[in-house]
Amino acid sequence: MAAVTIYLGVLILTLIFAYFKLFYRRLRKGEPPLAPGHFLWGNGKQFTEHAVKFLQGAHKKCGDVFTIRFLNQYWTMVLDIHSYERFAKEKNFDFDAIQEQVNHNVFGYQLVDARKMIGEAGQKVNGKHLFTSLEHFAENLTEAFKETASEKDRMMNERNSRKMNQVNTAHNDISLCYESHHISQHGWDKIEDMTDKFMADTWCEDQLRNLASKTFFSPVFYTIFGRGQPGANDNFHPQVFHKNFDQFHKYFNFLWFGMPVQMFPQAVNAVGVLAQQPSSADMMQREGCSEYIKFATEFMLKHNQSERDIICHNLVFLHVNYNTFRVVYWCMYKLMEDQTVMAAVRKEVDEVVEAKRTGASASEYEAEFTTEDINKLPVVDSFLKEIIRWTSGVFMVRKCIEDTAFTTESGQTFNIRKGDKVAIYPPVFHQDPEIYENPETFKYDRFIDADFYKNGKKIKHPLIGFGSLCPGQKLSMLQIKWFIINIVNSFKLELIEGEKTAPNTGMYGHEILPPTNDVQCRFKPREGVCALKYVNNYGSNGSKGLGGISSGNML
Ligand code: HEM
């Protein structure tokens, strides 16, 4: 009995010691206040329930800068939008540790000489490479659209042959009637007209995720990895990768926080498929393989990284591009959900296409767009920014590598402890009613010629969906804009009645929130549309050709 009491006593003392050692924090002078939370788990539960509501509440109680806790990890939140640039420029707030954590915990590898590699690889999607990447993407997009449109042709051919049988039968019947009841030739023509109209009115139905995958993810995949010999590796296919990436992504937050992937059998299965990639030598030989992948692969080989590491890095690159896919999903959803949005975007696109159109007849119609042209559409631009505002769930996180006195734009100084995480949480700004009137309402034209204010002061960076470091933001924005112009020009899209979804607020932490559920939609090619062509004019007349309205705050 005495021994049990001693054991219990030791256990309780150990637990108390562990609690004070691991979880409890005594604030030092000048440190930001701690947000109230569970004595053991900290603020994890409040965060996962609804990160924005939790942080808005803590902001009201604690002020612009305060610290939250996830188990034994302390994160200081800087929730003053005017301090964004100071935060981004603070040299003691380091991103490398975060990038290492993602690479190690989520993708299971480590990048050698990471800063140099990411810095130089980032140039392969900017400057002149931005234009060539967009050119390749545009070519792949045209292919993907042709394939999607041909689905309707395939479907119509099947229906046609079925219908022709019916029509032949009807024809025989009608001929009999025609002879016996004198149905006019006009009556017969009308029946044939109705059959044609029925064919033209035929829609294809699909899940939106599938449709976005076929029309957008596929061209992105081919733009990154190029195309191999037909049938070379059946699993290295955009749709196979998309499906498995979708599975894997569900566990992103858990993996990032350090939970072992073995806890999630579905993620393990998905990774098993995603690991089936061509060898690095074969990858670089694929037709149209991107400069980014070629550069990264050569860099990693030079640094003696293994084939496995290269495969993992390819997945990281696909992961960052997957954000662009998610934005496109939401663009398509909002275009279909709200007829006012569709009408406004379509009007702008139709007008510019009409103005640029060349060719004598429908079969010859073509309109050329430069990067500048793509960027010069205020409605498309604002619509896209509103989608990013409405769906971004991103953290901008850094590790504090030295004890640091951080001064906000308003002059308050806080001591941030070495080893803590420091973060800006853009969704809190994006949902702030003082910055964005009725933030819960989707307003496609919110960003047209608009300035935004907080505490009476104009905000320099009102939308922070890409953080300060993302090298892919220009490419991403341009790919999405080009996609919107093309999809609106080429297809009619509708949601099936009653279908509805919303951003999944339980997934805050993902750069772009996934939908709570997928929706069923229908589409068909528009008749007699003008073919659109992207023209890479980099360097012509000394042009870097970005121009446009987006350069102010997003590009
Ligand atoms: C809508 C699409 C995208 C979103 C919302 C997005 C968002 C972000 C965010 C929030 C970060 C962290 C930045 C920070 O904390 O300052 C980031 C980093 C990064 N993004 Fe993107 N991104 C997108 C598309 C892309 C694309 C298309 C590429 C590649 C071409 C890309 C490449 C990267 C890389 C390499 C980093 C790490 C940068 C570093 O370590 O310095 N992203 N992105």
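All values reported here derive from a predicted model rather than from experimental measurement.

S.K.: Break down the nonpolar core for me, citing the residues and quoting the values.
M.R.: In summary, soluble globular proteins display a tendency toward joint burial of nonpolar side chains. Judged by nonpolar contacts, the single largest core of 150 residues is most densely connected at Leu55, Met77, Val345, Phe383, Tyr425 and Trp482. Of all the elements, helix α14 (residues 307-337) adds the most residues to this core, at 17 residues.

S.K.: If you had to explain the UniProt feature "binding site: heme" (unreviewed entry) in the protein to someone new, which residues and values would you point to?
M.R.: The sites that UniProt annotates as "binding site: heme" (unreviewed entry) are Cys470. Along the chain, Cys470 turns up in the loop between β13 (457-458) and α19 (473-490).

S.K.: How would you summarise helix α15 (residues 339-356) if you had to cite specific residues and measurements?
M.R.: An ideal rise of 1.5 Å per residue puts 26 Å on 18 residues; α15 measures up with 25 Å between its terminal C-alpha atoms. By the burial criterion, the buried members of α15 are Val341, Met342, Ala344, Val345, Arg346, Glu348, Val349, Val352 and Val353.

S.K.: How would you summarise the site of the ligand if you had to cite specific residues and measurements?
M.R.: For the ligand, the set of nearby residues contains 24 residues, the closest of which are Arg115, Arg398, Ser468, Leu469 and Cys470. Arg115 places a polar side-chain atom, nitrogen or oxygen, 2.9 Å from an oxygen atom of the ligand. Contact between the ligand and Arg398: an oxygen atom at 2.7 Å from a side-chain N or O atom of the residue. No other element matches the 6 residues that α14 contributes to the shell around the ligand. Residue composition of the shell around the ligand, by class: 13 nonpolar, 8 polar and 3 charged.

S.K.: With reference to specific residues and values, describe α19.
M.R.: An ideal rise of 1.5 Å per residue puts 26 Å on 18 residues; α19 measures up with 25 Å between its terminal C-alpha atoms. Counting buried positions along α19 gives 17 out of 18 residues, so the element sits mostly inside the fold.

S.K.: Any details on the packing of aromatic side chains? Residues and values, ideally.
M.R.: The relation between two aromatic rings is expressed through the spacing of the ring centres and the mutual angle of the planes. Counting across every chain of the model gives 46 aromatic pairs. The interplanar angle of 40° and the centroid separation of 5.5 Å between the aromatic rings of Phe93 and Phe406 together place this pair among those described as tilted. Highlighted residues: Phe93 in strand β3 (residues 93-94) and Phe406 in strand β9 (residues 404-407), separated in sequence by 313 residues. Classification of Phe93 by relative accessible area gives buried; the value is 6%. The ring centre of Tyr222 lies 3.8 Å from the NZ or CZ of Arg227, which sits over that ring. Seen from the ring of Trp203, Arg522 lies directly overhead, with NZ or CZ sitting 4.1 Å from the centre.

Reading the values: rules and limits
- Residues numbered from 1 in each chain as written.
- Predicted model: local features only at pLDDT ≥ 70, side-chain atom pairs only at ≥ 80, totals over all residues.
- Heavy atoms only, no water.
- Core = buried A, V, L, I, M, F, W, Y, C linked by side-chain atoms within 4.5 Å.
- Buried < 20%, exposed > 50% of the residue type's maximum accessible area, 1.4 Å probe, protein only.
- Helix = DSSP H or I, 4+ residues; strand = E, 2+ residues; numbered from the N terminus.
- UniProt positions renumbered as here; feature names shortened; annotations may be inferred.
- Expected span 1.5 Å × (residues − 1).
- Near = heavy atom within 4 Å.
- Polar contact = N/O pair within 3.5 Å; in protein donor to acceptor, adjacent residues only side chain to side chain.
- Nonpolar A, V, L, I, M, F, W, Y, C, P; charged D, E, K, R; others polar.
- Phe/Tyr/Trp six-rings, centres within 6.5 Å; stacked < 30°, edge-to-face > 60°.
- Lys NZ or Arg CZ within 6 Å of the ring centre and 35° of its normal.

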